[in-house]
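# Tertiary structure, described
Now for the letters of each chain:
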Amino acid sequence: EISGEVYVPRSSALSTDVKYGTVTLEEMAGSVDLFGVSNSLTLRKCSSVRRVENDYGTTRIDGCGGALQLKGSSSKVNVSDFSGSVEIDADYSTVSVLRATGDVTVTDQSGKITVYDVGGAATLDANYSVITLTHVKGAVGIRSSSGTLRLRDVGAADVQSDYSTIEITGVTGAGGKRLAVRSQ
């Protein structure tokens, strides 16, 4: 086992490849790219988070910003208070996005997805998943089958979900769009 601390100037770009470790980054202003497997990752107040890959690990991103692209199979992902867009590809994972200013895109299979308070649109492609979306200002687009979907207080909704339980309340009609549901 190796442990230690690495100090990096806050404005410098950081790219790492760590496996089976614990990484905590705070107040980084340079671009951040983290790659690895089975890590415990925590990012706080980093303003330019770009790419994170962490299969079989736990990723927590709090109070950060940028254009996040995150991948992580069989993972636990928590993103909160994010300034910018969030794109997550995380099959068999538990995904939580709370308070994001930009668009949110999530791809997950056989997972649990919670999205709350999004300033932009939300797009989800998630078969066999439990999906909860609340307070999405923009339009919501969901493709799913054999899932459970709960949408509350969204700008608009376009749902294609076969063999699913669907509950939708509070569609505001943002951008002149309303509600479209296709299901078997």
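### Topic: the overall build of the protein chain
For the protein chain, the count of helices and strands is zero helices and 16 strands. A compact globule built from 184 residues would reach a C-alpha radius of gyration of about 16 Å, and the protein chain, at 17 Å, matches this within 12%. With respect to the principal axes defined by its C-alpha atoms, the protein chain has extents near 55 × 30 × 15 Å. Each of the 184 residues in the protein chain was classed as buried or not, and the buried ones make up 41%.

### What about the pairing of strand β7 (residues 65-71)?
Two elements, strand β5 (residues 49-55) and β7, share four bridges in a ladder whose sense is parallel. When the sheet's bridge partners are listed, V49 is paired in β7 with G66. Pairing of β7 with strand β8 (residues 76-89), which is carried by seven bridges, proceeds in the parallel orientation. In the strand pairing of β8, A67 is matched with S85.

### Some details on the pattern of salt bridges
Within the structure shown, the criterion is met by eight salt bridges. The shortest N-O distance in the salt bridge between E26 and R44 comes to 2.7 Å. Highlighted residues: E26 in strand β2 (residues 22-26) and R44 in strand β4 (residues 40-44), separated in sequence by 18 residues. Between D33 and R51 there is a salt bridge whose closest N-O contact spans 3.1 Å. Of this pair, D33 sits in strand β3 (residues 32-37) while R51 sits in strand β5, and the two are 18 residues apart along the sequence. The structure contains a network of salt bridges with shared partners spanning D33, R50 and R51.

### Notes on the nonpolar core
Core analysis: the largest hydrophobic core is formed by 43 residues, its most contacted members being L43, I88 and L133. With residues near it in sequence (within four places) discarded, I88 still touches L70, V77, V79, V95, V97, T105, V106 and T107.

### Considerations on the environment of A67
Examined against the element boundaries, A67 turns out to sit in strand β7. Classification of A67 as partly exposed rests on a relative accessible area of 46%. Measuring from C-alpha to C-alpha, the distance between A67 and K19 comes to 24 Å, with 48 residues separating the pair along the chain. Dropping the residues within four chain positions of it, A67 is found in contact with V49, R50 and S85.

### Concerning unusual backbone geometry
Residue K45 is not a glycine yet carries a positive backbone phi of 55 degrees. Take K45: it is sitting in the loop between β4 and β5. For Y128, which is not glycine, the phi torsion reads 60 degrees and is therefore positive. Tracing the sequence through the fold places Y128 in the loop between β12 (122-125) and β13 (130-145).

### Remarks on the state of the cysteines
Applying the stated criterion across every chain, the model contains zero disulfides. Free cysteine: C46, not disulfide-bonded; nearest cysteine sulfur from C64 at 4.4 Å. With relative accessibility at 3%, the residue C64 sits in the buried group.

### Some points on the side chain of T134
Summarising the element assignment, T134 is placed in strand β13. In contact with T134, not counting residues within four places along its chain, are V115, Y116, D117, R152 and D153.

The rules we used
Residues numbered from 1 in each chain as written. Predicted model: local features only at pLDDT ≥ 70, side-chain atom pairs only at ≥ 80, totals over all residues. Heavy atoms only, no water. Helix = DSSP H or I, 4+ residues; strand = E, 2+ residues; numbered from the N terminus. Rg over C-alpha atoms; globule rule 2.2 N^0.38 Å. Buried < 20%, exposed > 50% of the residue type's maximum accessible area, 1.4 Å probe, protein only. Pairing = 2+ DSSP bridges. Salt bridge = Lys/Arg side-chain N within 4 Å of Asp/Glu carboxyl O. Core = buried A, V, L, I, M, F, W, Y, C linked by side-chain atoms within 4.5 Å. Contact = heavy atoms within 4.5 Å. Disulfide = S-S within 2.5 Å.

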